[in-house]
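Below are the chains, spelled out letter by letter.
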Amino acid sequence: MKDKSVLPIEKQLNKFLQPKCLIPGGLGLWEIYFRKICAAWGEINGEIRPQHIIFSADNGCNIEGYVGYNYEVTQKQSRNMLLGRSSATQFCNFNNIPYEVVDVGIASDDGIGVNRKVAKGTKNILHHAAMTDDEFNRAFQAGYERVQHYVEQGINLFSFGEMGLGNTTTSACVLSALMGADPTETVGPGSWPDKPDLMKRKVDFVRSVLDKHKANIGSESESDRVREIVAHVGGFDIAAILGAMLACADFKKPFVIDGFITAVAAACAAHINARVVDYALPSHQSKEKGTELALAEVGITQDMVPIQAQMSMGEGTGAILMVQMLKTTQYMFVNVGTFADLMKL
C-alpha cells in the first residue's frame, strides 16, 4: 500500500506502526530494516521486487598463478550459475528471486551471461595497475547501467554477488589502501586453507602490491582517490559493484551487501557518496577478516548483521537469504492486524 500522507516518512512510519498488534521493539532488526527500506523508497510499501546481480571477472594475479586456484574456474562456475546449479542460484530459484550473471572481465573469448566484458581479466597487480582509467570506467558503467535497467522495470531492492578467483586478495588490497590498514587486518583465507604459511604468503603479496602502487594513489579528491585505488589494485567485479551501489543511491533503491568483496565495494561507494549509507543493508558476517572493518565504513556494526552463519561462499549467497527474510518481514509489517482489531475478537 502507498501512504498518500504529506508527513515526513519517519512520521508516516510511526503513525502507521503505532496501532499494529506488535510488541514495541519485539522484532528488533527487522523493524529497523523495514523502516530503512521505506525511508529509502519514500513510501510505505509491502511489496519488495528484488533483483540479484552477480558480477564475474578474473584477476591477473590469479591468471599468472600468484594466488588461488586455476583461473578457469571463474568461467566454469559462471556458466554453472547460468544453468542455475550453484549455491547462490539454487537459493534464488527456490525463493523466486530473479538473478543474472554479468561478465565484466572473465578470461574467456566469449561473453558469459550479460556480456559487458572489459578485458579478459585484469593485469597482475604485483607488476602493473589492474586496469586503465578507461577500463575502470567501462566496468563501473556496466554496474551502474544494470541497476538503471532494472529500476526502469520496477525493481525496488537489489542484492549483489561476485565470482572471480583472487578477488579476496584484490579486495584486501583495496580495503588496506582505502583505510590505511595493515594487510594483517584485511587479509583472510578466501578459497585457501586457513594455514599460517599460506596467510603469510597472502599478506606479503598484498603488502608488496600496496608498496608498488602507493605513489600512484593520492588524489586530493576522495572520489578520485577511491577510483585510483580500485583501478590500481582492485578488480573489474569491484569496479562494477561500486558503480551499481552508487546507482542505487542515485535512484533511491536499497541494496543488500553480501560478504567481504561487496562490503569493500560498499565502503568505497560510501567514500564517494555518503548517502550510500542510507541504502545499504547487511546480510551476513563473512568469515573473511576485513569484513567488519569494511562494514563499519557503511555505518554497520556487527550487532546490526542478522545472519551469523560463518559463511564465505561468495556469489551473493548470504545476500539472497537476507532478501528472502526482508520480503517476509516487509509483507508482515504492512499486513499485520491492529491491536484494536485484536481486542474485538
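The name an unreviewed UniProt entry gives the protein is Nicotinate-nucleotide--dimethylbenzimidazole phosphoribosyltransferase, with Veillonella hominis as the organism.

> Sorry, what's going on with the pattern of salt bridges here?
Think of it this way: side chains of opposite charge can pair up when their charged atoms draw near. Per the counting criterion, the structure on display carries 14 salt bridges. Lys117 is the partner of Asp103 in a salt bridge, and the nearest nitrogen-oxygen pair spans 2.7 Å. Taken as a pair, Asp103 in strand 2 (residues 99-105) and Lys117 in the loop between strand 3 (114-115) and helix 6 (133-151) lie far apart in primary sequence, 14 residues in all. What makes Asp103 buried here is its relative accessible area of 0%. Here the salt bridges do not stand alone but share partners, grouping Glu10, Glu31 and Arg35 into one network.

> I keep staring at a nonpolar patch on the surface and nothing clicks. Help me out?
Taken together, the side chains of Phe339, Leu342, Met343 and Leu345 present a nonpolar region at the surface, about 480 Å² in accessible area. Residue classification places Phe339 among the partly exposed positions, given a relative accessible area of 48%.

> Honestly, the nonpolar core in this entry has me stumped. Any pointers?
Ranked by size, the top nonpolar core spans 74 residues in total, and within it Phe55, Phe158, Phe160, Leu242, Met245, Phe255 and Ile257 carry the most contacts. Beyond its immediate chain neighbours, meaning those up to four positions away, Ile257 contacts Met245, Thr262, Ala263, Ala266, Ala280, Leu281, Pro282, Ser283, Leu295, Ile300 and Ala319.

> Please explain the packing of helix 11 (residues 236-251) against helix 12 (residues 260-272) as it appears in this structure.
For any two helices packed against each other, the geometry is given by the interaxial angle and the distance between the axes. Two elements in contact, helix 11 and helix 12, have axes separated by 9 Å at closest approach and are oriented at 55°. The angle between helix 11 and helix 12 falls in the class oblique. The crossing of helix 11 and helix 12 is right-handed. Contacts between helix 11 and helix 12 involve Asp237, Ile238, Ile241, Leu242, Met245 and Leu246 on the former and, on the latter, Ile261, Thr262, Ala265, Ala266, Cys268, Ala269 and Ile272. Considered class by class, the residues forming the contact of helix 11 with helix 12 number 11 nonpolar, one polar and one charged.

> Quick question: what am I supposed to make of unusual backbone geometry here?
In most cases, non-glycine residues show a negative phi, while peptide bonds are predominantly trans. At Gln310, a residue that is not glycine, the phi angle is positive and equals roughly 60°. Relative to the helices and strands, Gln310 is located in the loop between helix 13 (291-296) and helix 14 (317-335). Phi at Glu315 is positive, roughly 70°, even though this residue is not glycine. Topologically, Glu315 is positioned in the loop between helix 13 and helix 14.

> Sorry, what's going on with the packing of aromatic side chains here?
Each aromatic ring pair is specified by the distance between its two centres and by the angle formed by the two planes. Applying the stated rule across the entire model yields six aromatic pairs. Plain terms: the ring middles of Phe55 and Phe160 are 6.4 Å apart, the flat faces sit at 35° to each other, and that makes the pair tilted. In this pair, Phe55 sits in strand 1 (residues 50-57) while Phe160 sits in strand 4 (residues 157-163), placing the two residues 105 residues apart along the sequence. Since its relative accessible area comes to 0%, Phe55 is described here as buried. Ring centres 6.3 Å apart and planes at 10° place the aromatic pair Phe158 and Phe160 in the stacked group. For the residue pair Phe158 and Phe160, the accessibility class agrees, reading buried in each case. Chaining the aromatic ring pairs together yields one cluster made of Phe55, Phe158, Phe160 and Phe255.

The rules behind the values
Residues numbered from 1 in each chain as written. Predicted model: local features only at pLDDT ≥ 70, side-chain atom pairs only at ≥ 80, totals over all residues. Heavy atoms only, no water. Salt bridge = Lys/Arg side-chain N within 4 Å of Asp/Glu carboxyl O. Helix = DSSP H or I, 4+ residues; strand = E, 2+ residues; numbered from the N terminus. Buried < 20%, exposed > 50% of the residue type's maximum accessible area, 1.4 Å probe, protein only. Patch = residues over 30% accessible without salt bridge, like charges linked within 9 Å, V, L, I, M, F, W, Y side chains within 5 Å. Areas by Shrake-Rupley, 256 points an atom, 1.4 Å probe, with all protein chains shown as cover. Core = buried A, V, L, I, M, F, W, Y, C linked by side-chain atoms within 4.5 Å. Contact = heavy atoms within 4.5 Å. Axes fitted to C-alpha atoms, helices over the stretch in contact; angles between N-to-C directions. Parallel < 35°, antiparallel > 145°, perpendicular 65-115°, else oblique. Left-handed = near helix turned anticlockwise from the far one by under 90°. Nonpolar A, V, L, I, M, F, W, Y, C, P; charged D, E, K, R; others polar. Phe/Tyr/Trp six-rings, centres within 6.5 Å; stacked < 30°, edge-to-face > 60°.

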